[in-house]
Amino acid sequence: LRFPQKLWKMLGSGKFRSIWWTEGGKCVAINKDLFEQEVLGREGPQQIFDTQKMRSFVRQLNAYGFTKMQQDDQRSASLPEFLAEEAAVSAHSQVLYYYNPCFTRAQPQLLEMCLRR
């Protein structure tokens, strides 16, 4: 699978607390500290991405057209997502928000347009 498909599959799996959809499925929220442990810390056959460094993962996001959004602009509409974000912020973790118009929860057919620059 290509990077966007791996990310899409991960978001839909419900297995990870460090990454989730926000704003009705238009943005991806990542709890940086937890993501580094929970996802990038995996090795061997359980490794999801080809990197173990957050910086490289963010480079991949940028290469596929994702842009970083400001937290204030991307407050979650649903209560569970809002509470998860508040817990992450209160735990002094950095929550990163990324947006790509071709990467939305409601329109999986757009994934094909999510190409590497």
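So, here's what we can say about the structure. (Residues numbered from 1 in each chain as written. Predicted model: local features only at pLDDT ≥ 70, side-chain atom pairs only at ≥ 80, totals over all residues. Heavy atoms only, no water.)

On to the side chain of glutamate 38, then. With respect to the secondary-structure elements, glutamate 38 resides in helix H2 (residues 32-38). For glutamate 38, which is buried and forms no salt bridge, the nearest opposite charge comes from arginine 17, at a distance of 4.4 Å. Once you skip the residues sitting within four places of it in the chain, glutamate 38 turns out to touch Lys15, Phe16, Arg17 and Ser18. (Helix = DSSP H or I, 4+ residues; strand = E, 2+ residues; numbered from the N terminus. Buried < 20%, exposed > 50% of the residue type's maximum accessible area, 1.4 Å probe, protein only. Lys, Arg positive; Asp, Glu negative; His and termini not counted. Salt bridge = Lys/Arg side-chain N within 4 Å of Asp/Glu carboxyl O. Contact = heavy atoms within 4.5 Å.)

Taken together, the four strands give an open sheet; going across it, the order is E1-E2-E4-E3, and neighbouring strands pair in antiparallel fashion. Edge strands, defined here as strands with exactly one partner in the open sheet, are strand E1 (19-22) and strand E3 (67-69). This sheet shows a mean twist of 35 degrees between the axes of neighbouring strands, independent of strand direction. Two strands pair when backbone bridges link them, and E3 and strand E4 (residues 95-99) are joined in this way by three bridges, in the antiparallel orientation. The partner of threonine 67 across the bridge, within E4, is tyrosine 99. Against the sheet, helix H1 (residues 3-13) touches E1 and strand E2 (27-31), its axis set at about 85 degrees to E1. The strands that helix H3 (residues 54-63) touches are E2 and E4; relative to E4, the one it contacts most, it runs at about 20 degrees. (Pairing = 2+ DSSP bridges. Axes fitted to C-alpha atoms, helices over the stretch in contact; angles between N-to-C directions.)

Interpretation note: all reported values are geometric properties and have no functional meaning in isolation.
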